[in-house]
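# Chain and residue survey
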Amino acid sequence: MNFNASRNVSLSGGPRKAKRVSDVSALGAPSPGPQYNPNTMYNPGYPPSGPPPPYHEGIQLGPGQDFSTSEPSGSFGYAGGFAPTPMASPAQIGSFLQQPAVQDMALQYGNQLAAQGREAVQRELGRYVPVSRLRYYFAVDTRYVIKKLLLIMFPYTHKDWMVKYDQDTPVQPRYDINAPDLYIPSMGYVTYVLLAGFMLGLQHRFSPEQIGIQASSALAYIIFEMILYLVTLYVTNTTTNLKTLDLLAYSGYKYTTMIGSLLGGLMLGKTGYYCSLLYSSFALSYFLVKTLRLQLLSGSQAPEQPAYGYPAGYSSPNPYADNWSKPTGGGTKRRVYFLLFVAITQPLLSWWLTYHLVPSPIPEPITPTAR
């Protein structure tokens, strides 16, 4: 559509009606678009005047760069526009690590990791094993071990059987010979297993399986013994000041009796074994009665004065009277029975675990007599 303004004015200067001429040829043909030339080099800019550069992973082309050859020339920028960082040589790395500041930093970091790992191990182990309590039962020295062994074997001359306390905490075994420990039971268990293997070897009955049987049977019996004691206390509803580890310690002292009996049987045969077993069993029972009596009966002390009179079994309001400190109820009898039960089962288990290890006397060959 073409509009000619000069035709709208007449010769006389008056207004003239405008005419619209519709002529396709007058509009003209559209101008041709840009032709693509494959030989034209890529010229960056906007709008692009050529095909996009070829794609290479991790590399972007810059102005004046070309990948048409096998080895592109120019400095190529990596993705993100950052130039590649040169790699350090092993000598530079070694010299950097040898600097005192770096070594101190690594040492501090290693100490922090070790402390965190130690705390994690102690926290997880403390859920199942009372490590702090076990530390108390192994706080012994050589002097304590010698005196405690002599006390177990010869307890008749000892007078003071009371366990000492520091405020509310019992004193460590190295400072109190009456305190229970787990060092002597542990070493006694190991010594018993080794001595059993030695005596089996003298009788030509030694084998690795026999050593395993002796070790596992001794461990199984002491576990069974502990379960039996705890169930007895629970069923009889007996409360004591004894802890589970205390019972384990007192039960483990029978290994001293077993070792002494085996040594007597090794030197004197069956006669020496039974003589040693009889004496050491009586000494062990006496030691257990004297030691456990105070701890078992201490749980039966009278409670404080109630608001509405005194409890049954206490006939005197005087807290210092004999019948106040010694109640007459059935709880004391149960504790006494439990004490006798422990004192009897220890010698029996000592005999059961050792009698089959003593060599039997070899019978003399029978010679035919002449008629």
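Definitions and cut-offs
Residues numbered from 1 in each chain as written. Predicted model: local features only at pLDDT ≥ 70, side-chain atom pairs only at ≥ 80, totals over all residues. Heavy atoms only, no water. UniProt positions renumbered as here; feature names shortened; annotations may be inferred. Helix = DSSP H or I, 4+ residues; strand = E, 2+ residues; numbered from the N terminus. Buried < 20%, exposed > 50% of the residue type's maximum accessible area, 1.4 Å probe, protein only. Contact = heavy atoms within 4.5 Å. Areas by Shrake-Rupley, 256 points an atom, 1.4 Å probe, with all protein chains shown as cover. pLDDT = per-residue confidence, 0-100. Lys, Arg positive; Asp, Glu negative; His and termini not counted. Salt bridge = Lys/Arg side-chain N within 4 Å of Asp/Glu carboxyl O. Polar contact = N/O pair within 3.5 Å; in protein donor to acceptor, adjacent residues only side chain to side chain. Axes fitted to C-alpha atoms, helices over the stretch in contact; angles between N-to-C directions. Left-handed = near helix turned anticlockwise from the far one by under 90°. Nonpolar A, V, L, I, M, F, W, Y, C, P; charged D, E, K, R; others polar. Phe/Tyr/Trp six-rings, centres within 6.5 Å; stacked < 30°, edge-to-face > 60°. Patch = residues over 30% accessible without salt bridge, like charges linked within 9 Å, V, L, I, M, F, W, Y side chains within 5 Å.

Per an unreviewed UniProt entry, the protein chain goes by the name Protein YIF1 and belongs to Iphiclides podalirius. In its Sequence similarities (unreviewed entry) section, UniProt records this for the protein chain: "Belongs to the YIF1 family." Looking at the Function (unreviewed entry) heading of the UniProt record, one finds this comment for the protein chain: "Has a role in transport between endoplasmic reticulum and Golgi."

### A short note on the overall build of the protein chain
Helices and strands together make up the secondary structure of the protein chain, namely eleven helices and four strands. Burial status across the protein chain gives 27% buried among its 371 residues. A separation of at least 24 residues holds for 67% of the contacts in the protein chain among residues at least 6 apart in sequence. Total accessible area computed for the protein chain in this model is approximately 26,200 Å², and 62% of it derives from carbon and sulfur atoms.

### Some points on the confidence of the model for the protein chain
On average, residues of the protein chain score 74 in pLDDT, and 61% of them reach the 70 mark or higher. Model confidence for the protein chain, summarised as mean pLDDT per element, is weakest for helix H10 (residues 322–325) at 40 and strongest for helix H5 (residues 142–153) at 94. Below pLDDT 50 for its whole length, residues 21–27 participates in five contacts with residues either more than four positions away or in separate chains. Confidence over residues 70–81 falls short of pLDDT 50; this stretch has 15 contacts with residues more than four positions distant or in other chains.

### A word on the environment of leucine 340
Mapping leucine 340 onto the fold places it in helix H11 (residues 330–352). Among the residues examined, leucine 340 registers a relative accessible area of 43% and is labelled partly exposed. When the C-alpha positions of leucine 340 and serine 285 are compared, they lie 8.8 Å apart, and in sequence the two are 55 residues distant.

### Some words on the side chain of serine 350
Residue placement: serine 350 occurs in helix H11. Excluding its chain neighbours within four sequence positions, the residues that come into contact with serine 350 are Lys254, Thr257, Met258 and Leu277.

### Comments concerning the UniProt feature "transmembrane region" (unreviewed entry) in the protein chain
Sequence positions flagged by UniProt for "transmembrane region" (unreviewed entry) are, in local numbering, residues 182–202, 214–235 and 336–355. Annotated as residues 182–202, this span is 95% helix and 0% strand, and its ends, taken at the C-alpha atoms, are 31 Å apart. Along residues 336–355, the helical share is 85% and the strand share 0%, with 29 Å between the first and last C-alpha atoms.

### Some points on the side chain of arginine 335
Topologically, arginine 335 is positioned in helix H11. It is aspartate 246 that comes nearest to the buried, bridge-free arginine 335 among opposite-charge side chains, at 14 Å. For arginine 335, the side chain forms a polar contact with the main-chain oxygen of threonine 239, separated by 2.8 Å.

### Quick word on the packing of helix H6 (residues 183–202) against helix H7 (residues 208–235)
In contact at an axis separation of 10 Å, H6 and H7 are set at 145 degrees when each is read in the N-to-C sense. You can see that H6 and H7 cross each other, and the crossing is right-handed. Packed against H6, whose contacting residues are Tyr189, Tyr192, Val193, Ala196, Gly197 and Leu200, the element H7 presents Gln210, Ile211, Gln214, Ala215, Ser216, Ala218 and Leu219 at the interface. By residue class, the composition of the contact of H6 with H7 is nine nonpolar, four polar and no charged.

### Re unusual backbone geometry
The backbone phi angle of histidine 204 is positive, close to 60 degrees, even though this residue is not glycine. You can see histidine 204 is positioned in the loop between H6 and H7. Look at asparagine 237: it is not a glycine, yet its phi comes out positive at around 55 degrees. Inspection of the secondary structure puts asparagine 237 in the loop between H7 and helix H8 (244–252). Look at asparagine 237 and you get exposed, because its relative accessible area is 59%.

### What about the packing of aromatic side chains?
Here the structure, examined in full by the defined rule, presents 15 aromatic pairs. The interplanar angle of 80 degrees and the centroid separation of 5.9 Å between the aromatic rings of tyrosine 229 and phenylalanine 338 together place this pair among those described as edge-to-face. Here tyrosine 229 is found in helix H7, whereas its partner phenylalanine 338 is found in helix H11, with 109 residues between them in sequence. For the pair formed by tyrosine 229 and phenylalanine 338, the shared burial category is buried. Note on tryptophan 352 and tyrosine 355: the rings are 5.8 Å apart at their centroids and 40 degrees apart in plane angle, and the pair reads as tilted.

### Topic: the environment of leucine 182
You can see leucine 182 is positioned in the loop between strand E4 (169–170) and H6. Owing to a relative accessible area of 7%, leucine 182 belongs among the buried residues under this scheme. C-alpha of leucine 182 to C-alpha of leucine 248: the two residues are 66 residues apart in sequence and 7.8 Å apart in space. Not counting residues within four places of it along the chain, the set of residues in contact with leucine 182 comprises Leu134, Tyr137, Phe138, Leu245, Leu248 and Ala249.

### Considerations on a nonpolar patch on the surface
A cluster of nonpolar side chains, Ile146, Leu150, Phe154, Tyr156, Tyr279 and Phe282, forms an exposed patch at the surface whose accessible area comes to about 610 Å². As for its position among the elements, leucine 150 is in helix H5.

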